[in-house]
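Each chain, written out:
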Amino acid sequence: MTSPVRFADGALHLLDQTRLPAEERWLECTTPDEVADAIRRLAVRGAPAIGVAAAYGLALGMRMADRDEPPLERFERDADLLAGTRPTAVNLRWAIERARLAAEEHASAGPEAVAGALEVVADTIAHEQLHADRRMADLGAGLLGEGDRVLTHCNTGALATGGAGTAGGVIARAWEWGRLAHVWVDETRPLLQGARLTAWELARAGIPFRLVTDASVGALMSRGLVDSVIVGADRIARNGDVANKIGTYTVAVLASRHEVPFYVAAPLSTIDAATATGDEIAIEERDPSEVTRLADRPIAPEGTPAANFAFDVTPAELVAAIVTERGVLRPPYGESIGRALAT
């Protein structure tokens, strides 16, 4: 698995995921504006990876501060810029809040000291994510039966976390343990993260898979060809409602109809204790042209109106378990999430 986030020589290097699978191109970001642009246009994506990138973006911004510039003023300006790029992914806000604590603690020592502290925070977040991913991989793989045929949606491997992946990490570990037969990969319209990214990762890892259209899920399940579903999350409410890439809710409903267990793998940083239910989660709407165009070519008549919701919310009642680095959470989620966050 390839990590899409690297920090070296005073620059943040991001694997441009908009170019995959045709080209492996790395971006070199030296300013928070460049990091924000990369997040906004999905050059780096996946809630955990966005959080890591934003943390490094804050450190880069502080390195640019004038000696006489109040560090906290600079921090808040960059934090506002980065926080506004992707409103649904809670890891972004979580990483900024961790960085803010460090900035406040070292502000009296000046911008250079704050910049160093922010780099430490970013390194720590990246390191913690790798360990969380490995723990989730072990726990999640234990939920699968030998020879399971797993369906997944969007992309949840190392590209999405900077570590080993959430649901993608579980899939990889299940393959290592001999529990996995193959993976059904949803294409994930409109930006095709499944077709472009998950297929790319699985092929590189030597894990057998087949790519299907999003609309194939019901047919696969009705024929008994799916044993379990595992997906990631961009935000999980306190009651267990899960916001994830658009189309996830449809998969969950079909899984419930066909009695296929629906699992979510996400680090605790994706759980938003301040959000009571999924009804309170802001759903990002992206450029409608992503729906009316494919590979920069029109697929609908000129002027066709379109709606482009980037995420949907799956009610907790449809989720069989949430795999975190602190254990596998089961219903009632209000209780199990509360215990996990308290430990």
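Before reading on, note that the structure itself is shown above.
Per chain, residue numbering runs from 1 following the sequence as it is written. Reporting of local features is limited, given that this is a predicted model, to residues whose pLDDT is at least 70; pairs of side-chain atoms are given and counted only at 80 or more, and all residues count toward the totals for whole chains, interfaces and linings. Each side-chain value is derived from all of the structure's non-hydrogen atoms; neither hydrogens nor water enter the calculation.

Enquirer: Help me understand the overall build of the protein chain, please; the structure alone is not making it clear to me.
Expert: Think of it this way: any DSSP run of H or I at least four residues long counts as a helix, any run of E at least two long counts as a strand, and we number them from the N terminus. The number of helices and strands found in the protein chain is twelve helices and 16 strands. Throughout, the radius of gyration refers to the C-alpha atoms, and the reference size of a globule is 2.2 Å times the residue count to the power 0.38. Expected size for 343 residues packed as a compact globule is a radius of gyration near 20 Å; at 20 Å, the protein chain falls within 12% of this value. The principal-axis extent of the C-alpha atoms belonging to the protein chain is close to 65 × 55 × 40 Å. Categorising residues by exposure relies on relative accessible area from a 1.4 Å probe, with only protein chains included: less than 20% of the type maximum marks a residue as buried, more than 50% marks it as exposed, and the intermediate range marks it as partly exposed. Counting every position in the protein chain, which comprises 343 residues, the buried fraction comes to 55%. When the accessible surface of the protein chain is totalled, it reaches about 14300 Å², and 50% of it is carbon and sulfur. Considering the protein chain, the positive charge centre built from 34 side chains and the negative charge centre built from 48 side chains are found 5 Å apart. Here the accessible surface of atoms and residues is derived via Shrake-Rupley with a 1.4 Å probe, and residues count as covered only by protein chains that are part of the display. The convention is simple: Lys and Arg are positive, Asp and Glu are negative, and His and the chain ends are not counted. By convention, the charge on Lys lies at NZ, on Arg at CZ, on Asp at CG and on Glu at CD.

Enquirer: How do you make sense of the sheet that holds strand 3 (residues 26–29) when you look at a structure like this?
Expert: Within a sheet, neighbouring strands are paired by backbone hydrogen bonds and run either parallel or antiparallel to one another. With respect to topology, three strands assemble into an open sheet ordered 1-2-3, the strand pairing being antiparallel. Across the chains shown, the open sheet's two edge strands, defined by having one partner strand only, are strand 1 (5–8) and strand 3. Strand-to-strand twist across the sheet, computed as the mean angle between neighbouring axes with direction ignored, equals 25°. Any two strands are treated as partners once DSSP identifies two or more bridges connecting them. Summarising the sheet, strand 1 and strand 2 (residues 11–15) pair through four bridges and their orientation is antiparallel. Of the residues in strand 2, the one forming a bridge with R6 is H13. Note on definitions: a residue-residue contact is assigned when non-hydrogen atoms from the two residues lie within 4.5 Å. Interaxial angles span 0 to 180 degrees and are taken between N-to-C directions of axes, which are lines fitted to C-alpha atoms, for helices over the stretch in contact. Against the sheet, helix 1 (residues 32–40) contacts strand 2 and strand 3, and its axis sits at roughly 145° relative to strand 3.

Enquirer: Help me out: how do you make sense of helix 10 (residues 248–257) in this one?
Expert: Residues T248, V251, A252 and A255 constitute the buried set of helix 10. For helix 10, the angular spread of buried residues about the axis comes to 100°, placing them on one side. By definition, the arc is the one covered by directions from the helix axis to the C-beta atoms.

Enquirer: I'm lost on the packing of helix 1 against helix 3 (residues 71–83) in this one. Help?
Expert: Helix-helix packing: each pair is described by the crossing angle between the helix axes and the interaxial distance. The geometry of helix 1 relative to helix 3 is characterised by a closest axis approach of 9 Å and an angle of 20° between their N-to-C directions. As summarised for this structure, helix 1 and helix 3 are arranged roughly parallel, according to the angle between their axes. In the crossing of helix 1 with helix 3, the sense of the turn from one axis to the other is right-handed. Contacts between helix 1 and helix 3 involve P32, D33, V35, A36, I39 and R40 on the former and, on the latter, R74, D78, L81 and L82. Classifying every residue of the contact of helix 1 with helix 3 gives six nonpolar, no polar and four charged. Here roughly perpendicular refers to angles of 65 to 115 degrees, roughly parallel to angles under 35, roughly antiparallel to angles over 145, and oblique to all remaining angles. Each crossing gets its handedness from the near helix: less than a right angle anticlockwise from the far helix is left-handed, clockwise is right-handed. Note on residue classes: Ala, Val, Leu, Ile, Met, Phe, Trp, Tyr, Cys and Pro are nonpolar, Asp, Glu, Lys and Arg are charged, and everything else, Gly too, is polar.

Enquirer: For this particular structure, what's the right way to read a negative patch on the surface?
Expert: Among the surface-exposed residues, D9, E28, D33 and E34 lie close enough to one another that they form a single negatively charged patch. Look at D9 and you get exposed, because its relative accessible area is 81%. Excluding any residue in a salt bridge, patches collect residues exceeding 30% relative accessible area, merging like charges within 9 Å and nonpolar Val, Leu, Ile, Met, Phe, Trp and Tyr side chains within 5 Å. Throughout this description, the term salt bridge denotes a Lys or Arg side-chain nitrogen within 4 Å of a carboxyl oxygen of Asp or Glu.

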